[in-house]
Amino acid sequence: MFGLEPHVLLLLGVCLLAACAFEFVNGFHDTANAVATVIYTNTLRPWVAVVWSAFWNFIGVFAGGISVAMGIVYLLPVESLVDANVYHGIAMVGALILGAIIWNVGTWYYGIPASSSHALIGSILGVGIAFSLLPESRGAAVNWGKAGETGIALLVGPLLGFALTIGMMFLFKRFIRNKAIFKEPHKRKPPPLWIRLMLIVTCTLVSFFHGSNDGQKGVGLIMLILIGIVPSYFALDQTKNPLDLRESLGKVEYVMNRVNRNELSPADTKMLAEIQVQTSDLDRIFANTTRIEDLPRQTRFEIRRDILLIGNRAKKLLGSEKVSLSTQDRSIYDGAMKEMKTFTDYAPWWVLFMVSISLAVGTMVGWQRIVKTIGERIGKEHLSYAQGASSELVAAGMIGISTQFGLPASTTHVLTSSIAGSMVASRGVKNVNPGMVRTIALAWVLTLPVTMMLSGLLFLLFRALMG
């Protein structure tokens, strides 16, 4: 299968199972945030809540697209890290998965709402930084531009969640006359029907958007595994004919030839020359080839590499003030590159299914520890109906918007900061439990550096063992 030796195929299977394990852990670690309010307020029985949440996580994975998944893939320039030694690819994916899982399980065990998103991203960055320390490294092994966008999204999310929930609580107090919503939940009785329906809706939204965002991270993780270990099979979308790229390639070459070299700076001139090297390489691959059967499978990764390098370099070149192109030329380029990216930005349906099942099953396991933290330990008072509803409404909205923009969101940090905001809105800053908030904040601060260090060391160890 895939032309791999049996033991390499076994290692690939282990890596895929480990990725599913990460999503399983993500399910019971993060999805507790979604079910915490409906369980804590007696809106739904625990087993009903977790099954309901698991179902909407499953749906969310399929409905969320792949923009966040590709953001995860492009954190690491796989075209730079992958070489002819398949064991190097295994070392890469094994280290980043194991690093993220170790941190996730550890924080879950102690009931700390830490972020699976931070853990995965930190592990990916750690592998990239560790690779850059190796003698065979050919330059930067981390896409720092994409890492910066991701970091800003993960940093701003909790701050906005805190502020917006305070505003949401103000609106609740201003327009909702029935004060039952602001009371502490009865330990044995369910809330009034209208409150139950509102809490079920907010739980559903958080579960759905969690699946659409966090599920995509799992999809991106599995695509990193497949591209890193079996690049000749998964570098390009298997359902598309690579020969169809020639028309788009011709349009890109046309636009690049329209750039006036005399107006360019030396750096831009060099960038244009590098783009033309990549387009010429694609022309070489497609030369005298009329059937897909005539295209060697190993060239698929070369095609992927060339497309990504053209896209990255052309983006920088066309963003230069020295480049003067007509709106029509830029439109031609954008359309051609968008078409070319459909060959590289994809995920097979079975990858989506693996992730959705793992996330859904994980949702139904191990939620109790985090639910208690969410309901009782963030604030000095027990979570009220209004606090639960406002927190989840804000969290769902922010995660959904992040997904639309292709940015990862931390469900844990957005929701916990929203709950802290609801506590502040209720009785001021003194209503927040400082000990628990410090613990959550410490996990927030430590997750990236710890997982970066852990996965980086594991990667260097695996590379040394595998040669």
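Residues numbered from 1 in each chain as written. Predicted model: local features only at pLDDT ≥ 70, side-chain atom pairs only at ≥ 80, totals over all residues. Heavy atoms only, no water.

Per an unreviewed UniProt entry, the protein chain is named Phosphate transporter, and its organism is Hymenobacter jeongseonensis. Under the heading Sequence similarities (unreviewed entry), UniProt records this for the protein chain: "Belongs to the inorganic phosphate transporter (PiT) (TC 2.A.20) family. Pit subfamily." Recorded in UniProt under Catalytic activity (unreviewed entry), the annotation for the protein chain is "phosphate(in) + H(+)(in) = phosphate(out) + H(+)(out)". (UniProt positions renumbered as here; feature names shortened; annotations may be inferred.)

Draft legend 1. Expanded view of the overall build of the protein chain. Counting secondary structure elements, the protein chain contains 19 helices and 0 strands. Relative to its 467 residues, the protein chain shows a buried fraction of 55%. Residue pairs at least 24 apart in sequence account for 87% of intrachain contacts in the protein chain once pairs closer than 6 positions are excluded. Element-wise, carbon and sulfur atoms account for 65% of the exposed surface of the protein chain, whose accessible area totals about 20000 Å². (Helix = DSSP H or I, 4+ residues; strand = E, 2+ residues; numbered from the N terminus. Buried < 20%, exposed > 50% of the residue type's maximum accessible area, 1.4 Å probe, protein only. Contact = heavy atoms within 4.5 Å. Areas by Shrake-Rupley, 256 points an atom, 1.4 Å probe, with all protein chains shown as cover.)

Draft legend 2. Inspection of the UniProt feature "transmembrane region" (unreviewed entry) in the protein chain at higher detail. Listed under "transmembrane region" (unreviewed entry) in the UniProt record, and renumbered for this structure, are residues 54–77, 89–110, 152–172, 193–212, 218–236, 347–367 and 441–462. Regarding residues 193–212, the helix share stands at 100% and the strand share at 0%, and the terminal C-alpha atoms are separated by 29 Å. End C-alpha to end C-alpha, residues 218–236 measures 19 Å, and it is 84% helix and 0% strand.

Draft legend 3. Representation of the side chain of Glu253 in the model. Mapped onto the elements of the fold, Glu253 is located in helix α11 (residues 245–258). Here Glu253 sits buried without a salt bridge, and the closest side chain of opposite charge, Arg246, lies 10 Å off (N-O distance). (Lys, Arg positive; Asp, Glu negative; His and termini not counted. Salt bridge = Lys/Arg side-chain N within 4 Å of Asp/Glu carboxyl O.)

Draft legend 4. A look at a nonpolar patch on the surface. On the surface, a cluster of nonpolar side chains totalling about 890 Å² of accessible area is made up of Trp47, Val51, Phe62, Trp349, Phe353, Ile357, Val361, Met364 and Val365. Those elements that place two or more of their residues in the nonpolar patch are α3 (46–63) and α15 (349–363). Per-element tally for the nonpolar patch: the top contributor is α15, with 4 residues. You can see Val361 is positioned in helix α15. Overall, the relative accessible area of 38% leaves Val361 in the partly exposed class. (Patch = residues over 30% accessible without salt bridge, like charges linked within 9 Å, V, L, I, M, F, W, Y side chains within 5 Å.)

Draft legend 5. Representation of the packing of aromatic side chains in the model. The tally for this structure, following the rule as stated, stands at 8 aromatic pairs. When the ring of Trp52 is compared with that of Trp56, the centres are 5.8 Å apart and the planes differ by 65 degrees; the resulting orientation is edge-to-face. Note that Trp52 and Trp56 are positioned in helix α3 at a spacing of 4 residues, about one turn of the helix. Overall, the relative accessible area of 34% leaves Trp52 in the partly exposed class. Trp56 gets classed as partly exposed once you look at its relative accessible area, which sits at 22%. (Phe/Tyr/Trp six-rings, centres within 6.5 Å; stacked < 30°, edge-to-face > 60°.)

Draft legend 6. Fine view of the confidence of the model for the protein chain. Put simply, the protein chain has an average pLDDT of 82, and 88% of its residues get 70 or more. The lowest-confidence element of the protein chain is helix α16 (residues 368–377), averaging 53 in pLDDT; the highest-confidence one is helix α14 (residues 327–344), averaging 94. (pLDDT = per-residue confidence, 0-100.)

Draft legend 7. Quick look at the packing of helix α9 (residues 193–229) against α15. At their nearest, the axes of α9 and α15 sit 9 Å apart, and the two run at 125 degrees to each other. Considering the angle they form, α9 stands oblique to α15. The two elements α9 and α15 cross, and the hand of that crossing is right-handed. Contacts between α9 and α15 pair His210, Gly211, Gly215, Gly218, Val219, Ile222, Met223 and Leu226 from the former with Trp350, Val351, Leu352, Met354, Val355 and Leu359 from the latter. Within the contact of α9 with α15, the residues separate by chemical class into 10 nonpolar, 4 polar and no charged. (Axes fitted to C-alpha atoms, helices over the stretch in contact; angles between N-to-C directions. Parallel < 35°, antiparallel > 145°, perpendicular 65-115°, else oblique. Left-handed = near helix turned anticlockwise from the far one by under 90°. Nonpolar A, V, L, I, M, F, W, Y, C, P; charged D, E, K, R; others polar.)

Draft legend 8. Just the pattern of salt bridges, in detail. Applying the stated criterion to the full structure yields 8 salt bridges. Linking Arg305 and Asp281 is a salt bridge whose minimum nitrogen-to-oxygen distance equals 3.3 Å. On the criterion of sequence distance, the pair formed by Arg305 in helix α13 (residues 299–318) and Asp281 in helix α12 (residues 266–286) is long-range, its members being 24 residues apart. Given a relative accessible area of 15%, Asp281 falls into the buried group. Among the charged side chains, a salt-bridge network with shared partners connects Asp281, Arg284, Glu302, Arg305 and Asp306.

Draft legend 9. Broad picture of helix α6 (residues 86–109). When the terminal C-alpha atoms of α6 are compared, their 35 Å separation across 24 residues agrees well with the 34 Å that a helix rising 1.5 Å per residue should span. The buried count for α6 comes to 18 of 24 residues, which makes it a mostly enclosed element. (Expected span 1.5 Å × (residues − 1).)

Draft legend 10. Structural context of a positive patch on the surface. Taken together, the side chains of Lys173, Arg174, Arg177 and Lys179 present a region of like positive charge at the surface. Among the structural elements, Arg174 can be located in helix α8 (residues 144–175). (Charge placed at Lys NZ, Arg CZ, Asp CG, Glu CD.)

Draft legend 11. Up close: the environment of Ile292. One can find Ile292 in the loop between α12 and α13. In this structure the C-alpha to C-alpha distance between Ile292 and Leu243, which are 49 residues apart in sequence, comes to 6.7 Å. Discounting residues that sit within four places of it in the chain, Ile292 has contacts with Asn241, Pro242, Leu243 and Arg300.

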